[in-house]
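Summary of the model geometry
The residues making up each chain are set out below.
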Amino acid sequence: MNSAISTHHLTKKFLSSEAIHDLTFEVPEASIFGYLGPNGAGKTTTIKTLMNIFVASSGSATVLGLDSRRLSPERLQQIGYVSENQELPGWMSVDYYIDYCRAFYPNWDPALCDSLMKQFDLPRKQKLKQLSRGMRMKAALVSSIAYRPQLLILDEPFSGLDPLVRDELVEGILAISADHRWTVFVSSHDLAEIENLVTHVAYLDRGRLQFSEELTWLQERFREVEVTCEGSAQVPTAWPKAWLKPETSGAVVRFVVSDYAEDRTTAKIEAMFPRSRGVSFEAMSLRSIFVSLAKSRR
Amino acid sequence: MNQIVHIFHKDCRRLWSTIAAVLVFTFLHGYGDATLSPGGGVAVGLSPFAIVFILISLSWLILPVLLFLLVVSVIQEESLVGSDKFWLTRPYDRARLFLGKLLFVVLWAFLPMLLHDVCLIRHFGFSLSSAFGLLLWKYAQFGFFLLVAATVAVLSASFARAVLLAVIAIVVAALTFFIVLQKADGPPVGSWTTTYEMLAVLVVAAVGALCVIAFQYRFRITSVAAMIGVAAILVCALLARFWPPSLTAYLLRKNESPLLRSIQILPDASLNDLARPRDLPNPTTQPPAAYYPFRASGLSDDVGVDLVGSTAHLDSPDRKSASLYLAAVVRFQPPAGRLGQFANIGSPDQLVSFAPSNPEGYNRLKNTDGMLSGNLVLQAFRSAVARMPVPAPRSRQDLAVGSRRCKVESFLRGPTLVLSFDCVELEPGNTSQFQVHLLHDNQEIKGPTTGNSGQSSSAGGWPAFLSPIVRTYSTSEFELPGVGLAGELPSGLEMVIFAEQSLGASVRTFRVEHFRPSEFTSQAWEQRGLHAPQ
């Protein structure tokens, strides 16, 4: 499978502080790639480096097969970009904004644009500066989707939006992505926002990439484990690194396994807890995985 | 091309109010230049006329500010500072973006100004071909102003920040020039070097500004672009500091007119019947000067020459040296009678005064038989004269003298005849002197008793690029004995107007083989005999 985005030891420094460090990951084509991390983790810096807004301090990135430093206008015609911080020309009406953007894209699809405008219920005559934050995001999304980009980059698109608007946007993105097999790269600090959206996920913490993989694999390898022991439970001293945040409560030990494989993990637990009376495994939501990882790294 | 027009159209739509304001004030400025005499009216109250009058009066300030605002705004529409601008992730072609902005500036800043200039030039009866060279220079200045505005615009994200940056840039430039130039201790040579030196500094500054703009459009690294700007300021200051006077002399020689080329100023010890030199500018603080006779040759009937500067060295046989400079401007002109081609009687033979830069070193050499050599800086002028009857009171008459077109009006205030001249000429206004004399039955009437040189609409003022013309208003008053209260002018009254038009500058070398300063003091010349200055 080809990559829509790939980074190779990508690093960006601002004076002496390192915003992102040695990032290497790939975004497969036609995937919806969730780029996760807490606030200040370096998500926006990564995206701006990919978009050639920032120049990488070292390393490299390719976007749609081209070095990100050499993103030409022709290549930008294939990329849609929506960011929570983007400064839109507030003096433009929605209609004029859409018209203005249209002239930059030979592949602009007026029918798709119209249907999105209707779907998002955008007030055409109103100026962008008079719109609510959610409406502005919708307008930005329409102007970034209507030319059917191969790659759609969304930087915290749902931040601060009410749940109704967020759901509308998610539904819109899912529908379009399913129809056209576009690659969507979406960053967020809130897993719940994109849990139902993404197919792949990467997790960034303090500028360093913790993992990057397909969501199903991730959910496959993470399990919440509960071991019931005879008598009071104790955490063994030789604790595997892949087992996160062990907690004891009476005869019960709870922890998260990040390398779950049914037979191998069961055997390993039996070896660690020879006096166990029972073991249960529970699949985890993306949010639970995120929280476990975040807590384990504190 | 489509993208250029598309961006241009968007900018017009966005900045229509600023465009409209620029057009209105360009019109008002032109209207004021064409119709109102400088200092010729006072607005009272807040009538519509008064408001328009006030706006016209302030247009010299408001129009440049609006032009600055226009250029800054159009560039900051797609701001090059910051990382959250919407356009950064859109498929803008940077070259087309730049061309779109250029088209906007040409259409809404240059073109209205050009139209304004053409209308004014034609309104005052000048031909466009005669104004072409002046317009080129004017638009070079105008372009430089817009370039500065564009430079601060590419380095800032809002108009307020652009203004702040412009102020900072001016302070940095002033400090840099002050620091670099304060150690410049060359001999004072007058203002003659400023033209080429200034031109060179402006060209370097313009190249620096273009580098900043190009760098920002290409790389968008504001700190580096600002450093390029600071480096350009430093280069300008160093250029001004180390600009070789010999290069100015070479350029002046290369570009001088054939008329000027034929003029020679040569030292001649054998000259006699010389006029007493005019007083030195500050005889109490000025060190004693030495005077040497010079003769001007090659002067045509209506052409004279002013010696405005000099760099000279007095070298003794024992290899000691002293620097000298010209102590006072000296005028050479063909011998002419009163009210001939020149306003004053003059002569091609004159005493030229040299003052020492370092009096102590000079005093050691004043009894030495040394060699005086150096450069003389000349400014040639053509004297034009117009003679015509004085117009009847309250009637206006047209008059052309030299490069000026004037309207002259007379009126009587008791026994005083007041002549008022409302004159225009093309920028930068090369009429250096304008004198009025009055004749009654071919006899000159003493005067004028009072008069003023008037105020110019833009000559020498800021910013000179706003108008293609210099408008000067002046009055001259003469006492007319025998004029009663009837208010009629005596017959046979004529006025003679002299206008001197600059023909450019040049540099000549000279050498006096045997020069003993003590033999050429003012006292020594008084003993030899001098006649009174005219």
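Residues numbered from 1 in each chain as written. Chains lettered and ligands numbered in written order. Predicted model: local features only at pLDDT ≥ 70, side-chain atom pairs only at ≥ 80, totals over all residues.

1. Section: the sheet that holds strand 8 (residues 183-188) of chain A
Residues and elements named next belong to chain A. Strand order in the open sheet formed by 6 strands is 6-7-8-3-9-10, with mixed pairing between adjacent strands. Two strands close off the open sheet at either side, each with one partner strand: strand 6 (79-83) and strand 10 (208-214). Here the strands of the sheet are splayed against their neighbours by 10° on average, with no regard to which way each runs. Here strand 6 pairs with strand 7 (residues 151-155) via 5 bridges, running parallel. Bridge pairing in strand 7 links Val82 to Leu154. Each of strand 3 (32-36), strand 7, strand 8 and strand 9 (200-205) touches helix 1 (residues 43-50); the most contacted strand, strand 7, lies at about 145° to it. Docked against the sheet, helix 5 (residues 133-145) engages strand 6 and strand 7, running at close to 170° with respect to strand 6. (Pairing = 2+ DSSP bridges. Helix = DSSP H or I, 4+ residues; strand = E, 2+ residues; numbered from the N terminus. Axes fitted to C-alpha atoms, helices over the stretch in contact; angles between N-to-C directions. Contact = placed C-beta atoms within 7 Å.)

2. What to know about the pairing of strand 15 (residues 493-515) of chain B
Residues and elements named next belong to chain B. Of the pairings in the sheet, the one linking strand 7 (residues 370-389) to strand 15 comprises 19 bridges and is antiparallel in character. Bridge pairing in strand 15 places Pro389 opposite Glu494. Bridge analysis of strand 11 (residues 431-440) against strand 15 gives 9 bridges, and the strand direction is antiparallel. Across the sheet, residue Val436 finds its bridge partner in strand 15, namely Ile497.

3. A few points about the confidence of the model for chain B
Residue and element names in this part refer to chain B. On average, chain B scores 84 in pLDDT, and the residues at 70 or more come to 89%. Within chain B, the lowest mean pLDDT, 54, falls on strand 13 (residues 450-452), and the highest, 94, falls on helix 1 (residues 2-14). pLDDT under 50 marks residues 185-193. Its contacts with residues more than four places away, or in other chains, come to 19 contacts. Scored as a complex, the prediction yields pTM 0.81 and ipTM 0.85. (pLDDT = per-residue confidence, 0-100.)

4. Section: the environment of Ile7 of chain B
Residue and element names in this part refer to chain B. With respect to the secondary-structure elements, Ile7 resides in helix 1. With 92 residues separating them in the primary sequence, Ile7 and Leu99 have C-alpha atoms 9.3 Å apart. Those residues in contact with Ile7, other than ones at most four positions away along the chain, are Leu97 and Gly100.

5. Looking at the environment of Thr265 of chain A
Residue and element names in this part refer to chain A. Structurally, Thr265 can be placed in helix 9 (residues 262-272). Among the residues examined, Thr265 registers 20 C-beta atoms within 10 Å and is labelled buried. The spatial distance from the C-alpha of Thr265 to the C-alpha of Ser159 is 38 Å, given a sequence separation of 106 residues. Sequence-distant contacts of Thr265, that is, excluding residues within four places in its chain, are made with Val257 and Tyr260. (Buried ≥ 20, exposed ≤ 12 C-beta atoms within 10 Å, placed from the backbone.)

6. Quick word on helix 4 (residues 94-123) of chain B
Residues and elements named next belong to chain B. A rise of 1.5 Å per residue sets the reference length of helix 4, with its 30 residues, at 44 Å; its end C-alpha atoms lie 42 Å apart and thus fit the reference within 8%. The sharpest bend along helix 4 measures roughly 35° and falls at Phe110, with the proline Pro112 sitting one to four residues further on. Residues Leu97, Gly100, Lys101, Phe104, Val105, Trp108, Ala109, Met113, His116, Asp117, Leu120 and Ile121 constitute the buried set of helix 4. Looking at the buried positions of helix 4, the neighbouring elements they touch are helix 1, helix 2 (16-35), helix 3 (48-76), helix 5 (128-154) and strand 14 (469-479). Just beyond helix 4, the residue with positive phi is Gly125, at close to 80°. (Expected span 1.5 Å × (residues − 1). Bend = angle between axes of the 7 residues up to and from the residue.)

7. A short note on helix 9 (residues 245-255) of chain B
Residues and elements named next belong to chain B. Residues of helix 9 that are buried include every one of Thr248, Ala249 and Leu252, and no others. Buried residues of helix 9 fall within an arc of 100° about the axis and therefore sit on the same side. Facing away from the buried side of helix 9 by more than 90 degrees, the exposed set consists of Ser246 and Lys254. (Arc of directions from axis to C-beta.)

8. Notes on the pairing of strand 6 of chain A
Burial analysis of strand 6 of chain A places 5 of its 5 residues in the buried class, the great majority of the element. Both faces of strand 6 of chain A are covered, namely the face carrying Ile79, Tyr81 and Ser83 of chain A and the face carrying Gly80 and Val82 of chain A.

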